[in-house]
Amino acid sequence: MCTDEQKIRNRLTRGEKGKYDFADRQTDRQTGYPSIDRPWLKYYDKALTEEDIPQCSAFRMLYERNKDYLTDTALLYFHRKITYQELFSKIHNAAGKLKSIGIKEGDIITFQILNMPQTVILFYACSYIGAIANIMYVTAENKELHEELCKTESVLYVTLNALWEKRKEALAGTSVKNVLLLSVGEETDPFTKNVIKWKERKLKDNSKGILYWSQINCAISGALPEVNNGELPVAMIYTSGTTGKSKAVILTNRMLNALVMQYQRAGISLRRGDVFMDAIPQFVAFGLVFAMHMPLCLGLINMIILDPTPMNAGKYFVKYKPNYFVNGIAGIESIINNRKVKKMNLNFIKVLAAGGEAIPTTLEERTNEFLRTHHSDAKLCIGYGMTEVGSTVVTSSPGVNRIGTVGIPLPGTIIKIVEPGTTNELTYDKDGEICFHAPTMMLGYYKQEEETNKIIKRHEDGMMWVHSGDIGHISEDGFLSVVGRIKRIISVRMDGIYHKVFPKLIEEVLEKEAGVDAIVVVGRAKEGIEHELIAFVVKNSETAWEKLENQMRQAATEKLEAWEQPKEYRLIDMIPRTAAGKMDYRKLEEMAK
């Protein structure tokens with residue numbers, strides 16, 4: 001581990017008073033402060049304590065939970081079923097191969113791949129040998145990839161055959177020794193495998209250091225030492241951004257295991273052998289921790305969707321009839337608006353859930369009515385969390401559900417609302433910054449201790465709290481409502497993927513262009529939370545508008561990500577301001593419509 005990472009780990013895991021004080025206990029007295037009263041505990045039958053969370057590796061927890069069910073189906077991919085016995089064998093083989101090419105405990109492997117069985121196998125292989133899976137967005141371009149490969153000193157890069165030609169130049173000057181190229185068809189049924197193999201027949205690269213799945217997925221002989229330590233980092237997942245540019249969040253084995261225990265105690269029916277539709281990309285924390293590790297450890301069949309874009313949700317829902325489906329707004333709408341779904345009896349659905357964005361109450365009501373009229377007892381469940389806590393911290397369930405809220409804290413999680421900019425807790429129903437203390441809390445941002453200190457703070461109660469940057473309140477019976485954000489964040493969608501955009505970062509780039517006196521970027525609402533970026537510009541009197549607009553568009557193309565580039569540039573005489581003299585963003589949003 002590098003020095004900076006060790007500092008983060010020491011600060012957050014050295015067992016200081018209150019660090020892991022998440023034992024569920026509801027006080028007899030009502031103080032008026034949610035973090036003390038913990039009114040949500042009345043909805044749970046059994047508390048969760050630190051001792052309840054296995055101190056083992058993610059792989060060991062997966063194995064212990066399923067070693068007596070080896071013939072059960074673990075993964076379903078296209079038309080192919082992979083049992084737990086086969087899964088464990090493949091993990092063991094992959095772990096052995098990684099060791100044979102020199103990968104050791106603490107080494108970092110960078111991934112840029114899709115939802116595939118190989119992702120699952122390689123992740124648990126990393127856990128087995130104590131390596132760290134640095135899982136980047138598959139859409140990350142070469143500049144960002146190169147920077148992260150250098151920063152993390154990655155020794156192995158894993159990507160798709162189809163991406164390799166485009167990505168190989170990013171490896172120049174890095175510490176990467178080997179490249180593992182994967183095909184989306186290698187773990188499918190025989191027919192699909194042959195079709196994809198034929199399509200990719202010209203993608204073979206025989207250069208030195210290039211590995212293929214056939215070399216990883218082969219039997220090894222002899223015993224393989226296992227690194228079984230829950231406190232070791234196992235994954236780095238990148239934020240979509242809640243405080244700025246994307247950062248790598250360090251998660252330990254134990255943190256992943258904690259979420260499994262939280263959901264097991266959450267009162268949600270999660271029955272072995274039921275089908276969980278894995279329609280969340282595994283390069284986001286929610287996809288890796290909630291949609292992969294949690295259901296597999298609880299014995300659910302993890303139905304892997306290669307292309308989990310919202311437009312595919314309805315199609316796969318009809319085809320596979322999952323018992324559990326979790327997605328964003330667009331995915332839920334794709335289901336209830338699907339022509340074939342409208343003709344189905346939905347009594348097979350146990351949990352239909354949404355998260356990752358603000359859910360309009362109109363959509364909640366419409367979805368619940370749709371479920372009711374299609375013979376399902378389920379209700380739309382809402383979840384709330386962030387990458388920095390691995391996944392979900394608050395959720396509703398079919399039995400504990402209130403429209404307009406995001407539910408109640410998971411067992412072991414404590415929520416408090418503080419006055420923004422302080423650590424002063426507010427009482428019930430008062431809006432302030434949402435903070436949480438949870439067993440899934442990250443170690444920190446990789447090599448960014450200063451940024452870590454900005455989001456994780458010690459309060460007067462001696463406990464460490466994540467400051468979410470979101471505004472909300474807690475009702476007297478424990479339900480959390482999210483009402484806004486401290487910082488301006490705009491959700492945009494590109495190629496089926498939602499991105500959180502920070503207008504201030506765009507403004508800082510474009511305001512440097514000659515001729516720009518002032519610029520403010522706002523979002524123009526489309527559907528759900530989707531927005532288009534509109535830039536309002538005040539120019540100096542000497543600059544021609546057409547020339548300046550072209551100049552700004554060129555700068556945006558060169559210096560910003562594609563989803564950060566404004567769709568429209570509008571010339572205005574002055575930036576509107578409130579009575580207090582501050583920029584009137586609401587007025588600009590009205591003007592953008």
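Refer to the structure printed above.
Let me begin by describing the structure that accompanies this report. (Residues numbered from 1 in each chain as written. Predicted model: local features only at pLDDT ≥ 70, side-chain atom pairs only at ≥ 80, totals over all residues. Heavy atoms only, no water.)

## Focus: the sheet that holds strand 14 (residues 380–386)
Inference 1: What the nine strands build is an open sheet, ordered 2-1-11-10-12-13-14-15-16; its pairing is mixed. The open sheet has two edge strands with one neighbour each: strand 2 (80–83) and strand 16 (408–409).
Inference 2: Summarising the sheet, strand 13 (residues 351–354) and strand 14 pair through three bridges and their orientation is parallel. Across the sheet, Ala354 pairs through a bridge with Ile382, a residue of strand 14.
Inference 3: Packed on one face of the sheet, helix 4 (residues 84–100) meets strand 1 (73–77) and strand 2 and runs near 75° to strand 2.
Inference 4: Across the sheet, helix 14 (residues 361–373) lies against strand 13 and strand 14, angled at about 135° from strand 14, the strand it touches most. (Pairing = 2+ DSSP bridges. Helix = DSSP H or I, 4+ residues; strand = E, 2+ residues; numbered from the N terminus. Contact = heavy atoms within 4.5 Å. Axes fitted to C-alpha atoms, helices over the stretch in contact; angles between N-to-C directions.)

## Quick look at helix 10 (residues 253–264)
Because each turn of an α-helix spans 3.6 residues, side chains separated by three or four positions in sequence point in the same direction.
Inference 1: In this model helix 10 runs 17 Å from its N-terminal to its C-terminal C-alpha over 12 residues, within 8% of the 16 Å that 1.5 Å per residue would give.
Inference 2: Within helix 10, 11 of the 12 residues are buried, which leaves it mostly tucked inside the rest of the structure.
Inference 3: Every buried residue of helix 10 is accounted for by Asn253, Arg254, Met255, Leu256, Asn257, Ala258, Leu259, Val260, Met261, Gln262 and Tyr263. (Expected span 1.5 Å × (residues − 1). Buried < 20%, exposed > 50% of the residue type's maximum accessible area, 1.4 Å probe, protein only.)

## A closer look at the sheet that holds strand 9 (residues 248–252)
Inference 1: Spatially, the eight strands line up as an open sheet ordered 7-6-5-3-4-8-9-19, and their pairing is mixed. Two strands bound the open sheet, and with one partner strand each, they are strand 7 (210–212) and strand 19 (444–445).
Inference 2: As paired elements, strand 4 (residues 132–135) and strand 8 (residues 233–238) share three bridges and run parallel to each other. Within the sheet, the bridge partner assigned to Ile135 lies in strand 8 and is Ile237.

## Examining the packing of helix 10 against helix 11 (residues 285–297)
Inference 1: Contact pair helix 10 / helix 11: the axes reach a minimum separation of 9 Å and the direction vectors enclose 65°. Classed by the angle they form, the pair helix 10 and helix 11 counts as roughly perpendicular. For the pair helix 10 and helix 11, the sense of crossing is right-handed. Residues Leu256, Asn257, Leu259, Val260 and Tyr263 of helix 10 lie in contact with helix 11, whose contacting residues are Val289, Phe290, His293, Met294 and Cys297.
Inference 2: Of the residues assigned to the contact of helix 10 with helix 11, the class counts are eight nonpolar, two polar and no charged. (Parallel < 35°, antiparallel > 145°, perpendicular 65-115°, else oblique. Left-handed = near helix turned anticlockwise from the far one by under 90°. Nonpolar A, V, L, I, M, F, W, Y, C, P; charged D, E, K, R; others polar.)

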